[in-house]
Amino acid sequence: MSRTIVFAAALAAALSAQAQESGRNLAAGCAICHGTLGKPAPGAPLIPLAGLPQDHIATQMRAFRDGKRPATVMHQIAKGYSDPQIDAIAAWFAAQKR
């Protein structure tokens, strides 16, 4: 029984690390506008994404993707992401320090 628990814990840790890496990789494209780690350059008219609540980021990305929130380019960018990818990106930015 304890081997099963240890295996399950190791598997969960590996999947969590894989999800974080996936989120980081997907979020890399956001750096061009929103800055490295979700922190745009000082004075930039862009929203810092680092540390925002995960559900807020995901909701806004879906609103861009679905045409419910106007944008200059985000509506086009967001169309390229599936719901799981949006969730991974949102989780990664939410985990960053503000």
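Anyway, here's the lowdown on the structure attached to this text.

What counts and what doesn't
Residues numbered from 1 in each chain as written. Predicted model: local features only at pLDDT ≥ 70, side-chain atom pairs only at ≥ 80, totals over all residues. Heavy atoms only, no water. Helix = DSSP H or I, 4+ residues; strand = E, 2+ residues; numbered from the N terminus. Buried < 20%, exposed > 50% of the residue type's maximum accessible area, 1.4 Å probe, protein only. Phe/Tyr/Trp six-rings, centres within 6.5 Å; stacked < 30°, edge-to-face > 60°. Core = buried A, V, L, I, M, F, W, Y, C linked by side-chain atoms within 4.5 Å. Contact = heavy atoms within 4.5 Å.

Bringing unusual backbone geometry into the picture now. You will see that Leu-37, though not glycine, has its phi angle at about 65°, which is positive. As for its placement among the helices and strands, Leu-37 is situated in the loop between α2 (31-34) and α3 (54-65). Under the relative-accessibility criterion, Leu-37 is labelled partly exposed at 39%.

Before going further, it helps to spend a moment on the packing of aromatic side chains. In total, this model carries one aromatic pair according to the counting rule given. Plain terms: the ring middles of Trp-92 and Phe-93 are 5.2 Å apart, the flat faces sit at 75° to each other, and that makes the pair edge-to-face. Taken individually, Trp-92 and Phe-93 each receive the classification buried, so the pair is uniform in this respect.

Glancing now at the environment of Trp-92. Along the polypeptide, Trp-92 turns up in helix α5 (residues 83-94). Separated by 68 residues in the primary sequence, Trp-92 and Arg-24 place their C-alpha atoms 6.0 Å from one another.

Here we take up the nonpolar core. Counting residues in each nonpolar core, the largest one holds 18 residues, and the members touching the most others are Ile-57, Met-61, Tyr-81, Ile-89 and Phe-93. Elements represented by at least two residues in this core include exactly α1 (2-27), α3, α4 (74-78) and α5. A per-element tally of this core places α5 first, with six residues. Residues contacting Ile-57, with those up to four places away along its chain left out, are Leu-49, Leu-52, Ala-90, Phe-93 and Ala-94.

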